Amino acid sequence: MAEIHISAWRAAYRGVFPDAYLAAQSLAEREAWWAEVIAGGKTAVLLAKSADTLRGWLSFGACRDTDAPSSQAELWAMYVAPDIWSRGIGRTLWHHAQQTMHAQGFTHCSLWVLAHNARAIRFYTAAGFQLDVCPPKSIERGGQCFEARRYLCVLAT
């Protein structure tokens, strides 16, 4: 998971996040971070594998936003290995996540995406997400601030 997370960030955010920040991403630190998050039990993780090789993953749980109703899930993260982008793995992960969220009683799902991440915005819009009216939030990466926008969708039944 950590390897895909780092490689996807380096591909998606090249020219957005500072190069030094992307280069400094540590596999060991990312592995430890995800191990802690998963052990915390607040997120579910779906894996996409092919020939016993992890190709992508998706993490979701109850929405962490203070204004969210209890019926709203949040897509915390979704990453696919960059060398196989646009082959349907993300769509498949999202489809399974929708079914799981719906089975858990969620009716809506939100996510936060950086305003500069046009590829992700296209993907999420095609998946049924719409830009929310709430104000953007600022996220710091590598000593710089970036705008993130919240997107919402109704979960398909």
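Residues numbered from 1 in each chain as written. Predicted model: local features only at pLDDT ≥ 70, side-chain atom pairs only at ≥ 80, totals over all residues. Heavy atoms only, no water.

1. With respect to the overall build of the protein
1) Next: A count of helices and strands for the protein gives five helices and seven strands.
2) Next: Of the regular secondary structure in the protein, the N- to C-terminal order runs α-α-α-β-β-β-α-β-α-β-β-β.
3) Next: Against the 2.2 N^0.38 benchmark of 15 Å for 157 residues, the protein shows a C-alpha radius of gyration of 15 Å, consistent with a compact globule.
4) Next: Principal axes of the C-alpha set define a box for the protein whose edges measure 40 × 40 × 30 Å.
5) Next: By element, 53% of the accessible surface of the protein is carried by carbon and sulfur atoms, the whole surface being about 8700 Å². (Helix = DSSP H or I, 4+ residues; strand = E, 2+ residues; numbered from the N terminus. Rg over C-alpha atoms; globule rule 2.2 N^0.38 Å. Areas by Shrake-Rupley, 256 points an atom, 1.4 Å probe, with all protein chains shown as cover.)

2. A look at the environment of Arg91
1) Next: Along the polypeptide, Arg91 turns up in helix α4 (residues 89-103).
2) Next: With a relative accessible area of 54%, Arg91 lands in the exposed category.
3) Next: C-alpha separation for the pair Arg91 and Phe123, spaced 32 residues apart in sequence, amounts to 8.5 Å. (Buried < 20%, exposed > 50% of the residue type's maximum accessible area, 1.4 Å probe, protein only.)

3. Quick notes on the nonpolar core
1) Next: Counting 40 residues, the largest nonpolar core has Trp94 and Met101 as its most contacted members.
2) Next: Among the elements of the structure, α1 (2-12), β2 (53-62), β3 (72-80), α4, β4 (108-114), α5 (118-126) and β7 (144-154) are those that each provide at least two residues to this core.
3) Next: A per-element tally of this core places β3 first, with six residues.
4) Next: Among all residues touching Trp94, those that are not within four sequence positions of it are Leu58, Leu75, Met78, Met101, Cys109, Ala127, Phe129, Cys153 and Leu155. (Core = buried A, V, L, I, M, F, W, Y, C linked by side-chain atoms within 4.5 Å. Contact = heavy atoms within 4.5 Å.)

4. A short note on α1
1) Next: Buried within α1 are the following residues: Ala2, Ile4, His5, Ile6, Ala8 and Trp9.
2) Next: On its buried face, α1 sits against α2 (19-23), α3 (27-39), β2, β3 and β6 (137-141).

5. Focus: the packing of aromatic side chains
One pair of aromatic rings is described through two measures. These are the centre distance and the angle between the planes.
1) Next: Under the definition given, this model contains 12 aromatic pairs.
2) Next: Taking the centre distance of 5.4 Å and the plane angle of 80° together, the rings of Phe123 and Tyr124 count as edge-to-face.
3) Next: A relative accessible area of 24% means that Phe123 is categorised as partly exposed.
4) Next: Here the aromatic residues Trp9, Tyr13, Phe17, Tyr21 and Phe146 are joined through ring pairs into a cluster of three or more.
5) Next: Between the NZ or CZ atom of Arg30 and the centre of the ring of Trp9, over which it lies, the distance is 5.1 Å.
6) Next: Above the plane of the ring of Trp76 lies Arg64, whose end atom (NZ or CZ) is 4.0 Å from the centre. (Phe/Tyr/Trp six-rings, centres within 6.5 Å; stacked < 30°, edge-to-face > 60°. Lys NZ or Arg CZ within 6 Å of the ring centre and 35° of its normal.)

6. Some words on the environment of Ala77
1) Next: Mapped onto the elements of the fold, Ala77 is located in strand β3.
2) Next: Judged by its relative accessible area of 11%, Ala77 is buried.
3) Next: Look past the residues within four positions of Ala77 in its chain and what remains in contact with it is Trp34, Trp57, Leu58 and Ser59.

7. Structural notes on the pattern of salt bridges
1) Next: Tallied over the entire structure, the rule returns four salt bridges.
2) Next: We note a salt bridge from Arg64 to Glu74, for which the minimum N-O separation is 2.8 Å. A residue pair is termed long-range when its members are at least 10 positions apart, and Arg64 in the loop between β2 and β3 and Glu74 in strand β3 qualify at 10 residues.
3) Next: Under the relative-accessibility criterion, Glu74 is labelled buried at 3%.
4) Next: A cluster of three or more residues bridged by salt bridges with shared partners is formed by Asp65, Asp67, Asp132 and Arg150. (Salt bridge = Lys/Arg side-chain N within 4 Å of Asp/Glu carboxyl O.)

8. Some words on α3
1) Next: Along its 13 residues, α3 runs 18 Å from first to last C-alpha, staying within 8% of the 18 Å computed at 1.5 Å per residue.
2) Next: Measuring from the side-chain oxygen of the N-cap residue of α3 to the backbone nitrogen of Ala28 gives 3.4 Å; that N-cap residue is Ser26.
3) Next: Gly41 sits one or two positions beyond α3 and adopts a positive phi of about 75°. (Expected span 1.5 Å × (residues − 1). Polar contact = N/O pair within 3.5 Å; in protein donor to acceptor, adjacent residues only side chain to side chain.)

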